[in-house]
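Examining the three-dimensional arrangement
Here are the chains, one letter per residue:
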Amino acid sequence: MPTDAPTDTSQRTHDLVIAANRLPVDRVVDADGTQSWRTSPGGLVTAMEAVMKGREGAWVGWAGETGEAPAPFVENGLHLHPVPLSQQEVTDYYEGFSNDTLWPIYHDVIVPAGFHRSWWQAYRTVNERFARAVADVAAQGATVWIHDYQLQLVPELLRAMRPDVRIGWFNHIPFPPVELFAQLPWRGGILEGLLGADYLGFQRSADAQNFVRACRQVLGLTTKGDTVTVPGTGSRRARVVRASAVPISIDSAGLEALAMTPAVQERAAAIRASLGSPKVVLLGVDRLDYTKGIRHRLKAYEELLAEGAIKPPDVTFVQVATPSRERVAAYRQLRTEVETTVGRINGQYGELGVAAIHYLHHSYPREEMAALFQAADVMLVTPLRDGMNLVAKEYVTCRHDEGGALVLSEFTGAWHEMHQAFVCNPHDIEGLKQTILRAIHTDAKDKRRIMRALRRRVSEHDVQLWAKRFLEALATAPERPSAKDRATS
Ligand code: ADP
Ligand code: G6P
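An account of the accompanying structure is given in this report. What you are looking at is a predicted structure, and each value in this text was computed from that prediction instead of being measured. (Residues numbered from 1 in each chain as written. Chains lettered and ligands numbered in written order. Predicted model: local features only at pLDDT ≥ 70, side-chain atom pairs only at ≥ 80, totals over all residues. Heavy atoms only, no water.)

**Examining the site of ligand 1**
Of all residues adjacent to ligand 1, which total 16 residues, the nearest are Gly43, Arg287, Thr322, His362 and Glu394. At 2.8 Å from a nitrogen atom of ligand 1 is found a main-chain nitrogen or oxygen belonging to Tyr364. Take Glu394: an N or O atom from its side chain is 2.5 Å from an oxygen atom of ligand 1. Protein chains shield 87% of the accessible area of ligand 1, which is 580 Å² for the free molecule. Of all the elements in the fold, those that place two or more residues in the shell around ligand 1 are helix 1 (43-52), strand 13 (280-287), strand 14 (315-322) and helix 13 (390-398). If you tally residues by element for the shell around ligand 1, the top one is helix 13, at 3 residues. Tallied by class, the residues present in the shell around ligand 1 amount to 6 nonpolar, 7 polar and 3 charged. (Near = heavy atom within 4 Å. Polar contact = N/O pair within 3.5 Å; in protein donor to acceptor, adjacent residues only side chain to side chain. Areas by Shrake-Rupley, 256 points an atom, 1.4 Å probe, with all protein chains shown as cover. Helix = DSSP H or I, 4+ residues; strand = E, 2+ residues; numbered from the N terminus. Nonpolar A, V, L, I, M, F, W, Y, C, P; charged D, E, K, R; others polar.)

Written as structure tokens, this is what we have:
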């Protein structure tokens, strides 16, 4: 059973400390007891791994299994500090409060959120443990960068323990409108937790505005533009906290270089050949999550097949769905529905040796993902709500040949930067079908022009620029309210 005992205080401290629920690697122990490390799922790890490469820093996070945590260790120059979670905490803090309460509320309540006081209690306990672990490894005056919805209480908890450090927090997912946020029985505690930071970064301006508005309406605080004034209490003086948009991105140069290697290009050709060399390959790549609009995508595809607008083997669809949060009921139900639909589509429209849809429920190495992106004529990114969606950026980056077409939901953060894409509203199935057909049939020259513009945008706004902008905003964040703000707070 994990304890909250501080880790060895003689250990090295760091000027830059990252805290995220997950470490960049998960520990996997095989049946025979051998231990190995596997890249953790999701966009947060993709982005932060690239940012931390070459920066000396510590990463505090969970190693993905229950019970005692492994001892701190160094990997690729990164000092990894595992935080333990008991089985009950995984159930209540991770699967419960983080992914069955906050995740649905922060994603437009696509599925209903569960509210349980015991989950909130576990969330508080685990956030305290993370704050303690960060306090133990942060050097005097260090910069601490906390990530995502699982750790919203850490900023304030850490400030109480270590007033000397500079604290930033970045939300990888949307921040909901106050009308939804206010449903949370613990809304005040969450806002107070976040306001312990000096700077709060969000994917879109709308997310930052939602947060500022929640501070005004829920806590009754004074706000002005993108700042919130936190009144002083006891020995603590009043502070100003800034909240603004810094959209995340990918390591575009690194991914493009990988995509240009002969091995990846050969693999892309081999993938097309193994699919029967169709005229058109459609591709979806997502964690198996109800926010990603996979059901809507499959519905549109099935109707197009039914109407004869597209026909295998000329057209085929590859859906890669990474396993995710498999013990949470809504995810289990999604998996059943998706797999039933895939079976029905193949049963109805497939032939011997010709599948209408190829469904892959695995994780793959980066090289294989790059080859898949290159092999796809049309990339379907159709979330109902998504903070950013790095897959959209990865797809255009891998298309150094300027081929391919991106269908992109207007409900992703990515769409706010990639307006030239074939935009869709995934709720509008008829519209989605027409957009898929347009992406297939638009003249190749026009598609190249679009792809060039999308690629330029992503290469000029890569993950290093994102990190630079975030860290600069954190370094220059205001500490004290101006005389005028003090008068009104
Ligand atoms: P999210 O963070 O919600 O999962 P993103 O699209 O922002 O969504 O990021 C997903 C990341 O996971 C991308 O870097 C993508 O390439 C990667 N990924 C998705 N599916 C797989 C898979 N099956 N195998 C390996 N990596 C994957
Ligand atoms: C999204 C979240 C991350 C999370 C990832 C994978 O990207 O923003 O915080 O790590 O999904 O989800 P998981 O629950 O497996 O960590």
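**Notes on helix 12 (residues 366-375)**
With 8 of its 10 residues buried, helix 12 lies for the most part within the structure. Within helix 12, the full set of buried residues consists of Glu368, Met369, Ala370, Ala371, Leu372, Phe373, Gln374 and Ala375. Considering only its buried residues, helix 12 is in contact with helix 8 (252-260), helix 9 (262-274), strand 13, strand 14, strand 16 (378-381) and helix 13. (Buried < 20%, exposed > 50% of the residue type's maximum accessible area, 1.4 Å probe, protein only. Contact = heavy atoms within 4.5 Å.)

**Some details on the sheet that holds strand 12 (residues 239-245)**
Taken together, the 10 strands give an open sheet; going across it, the order is 5-6-4-1-7-8-9-12-11-10, and neighbouring strands pair in mixed fashion. Lying at the two open borders of the sheet, with one neighbouring strand each, are strand 5 (73-75) and strand 10 (222-224). The sheet shows a mean angle of 25° between the axes of neighbouring strands, taken without regard to direction. Pairing geometry for strand 10 and strand 11 (residues 227-230), over 3 bridges, is antiparallel. Residue Thr223 lies in a different strand from strand 11, and its bridge partner there is Val228. Contacting strand 9 (199-202), strand 10, strand 11 and strand 12, helix 7 (residues 205-219) runs over the sheet at an angle of about 150° to strand 12. (Pairing = 2+ DSSP bridges. Axes fitted to C-alpha atoms, helices over the stretch in contact; angles between N-to-C directions.)

**Quick word on the nonpolar core**
Counting 166 residues, the largest nonpolar core has Phe211 and Leu406 as its most contacted members. Shared between two domains, this core takes at least three residues from each, and those domains are domain 1 (14-248 + 468-484) and domain 2 (252-461). (Core = buried A, V, L, I, M, F, W, Y, C linked by side-chain atoms within 4.5 Å. Domains from an automatic or database assignment.)

**Re the site of ligand 2**
Arg22, Tyr94, Asp148, Gln150 and Arg325 are the nearest of the 14 residues found near ligand 2. Measuring from an oxygen atom of ligand 2, one finds a side-chain N or O atom of Gln150 at 3.1 Å. A distance of 3.5 Å separates an oxygen atom of ligand 2 from a polar atom in the side chain of Arg287. For ligand 2, the protein covers 93% of the area, taking 370 Å² as the surface of the free molecule. At the level of elements, helix 1 and helix 2 (87-106) are the ones that each hand at least two residues to the shell around ligand 2. A class-by-class count of the residues in the shell around ligand 2 yields 5 nonpolar, 5 polar and 4 charged.

**A word on unusual backbone geometry**
At the junction of Pro312 and Pro313, the peptide bond is cis and its omega measures out at 5° in the coordinates. For Asp148, which is not glycine, the phi dihedral falls at a positive 75°. You can see Asp148 is positioned in the loop between strand 7 (138-147) and helix 4 (154-161). A positive phi angle is found at Arg325, which is not glycine, with a value near 45°.

In short, geometric facts, not functional conclusions.
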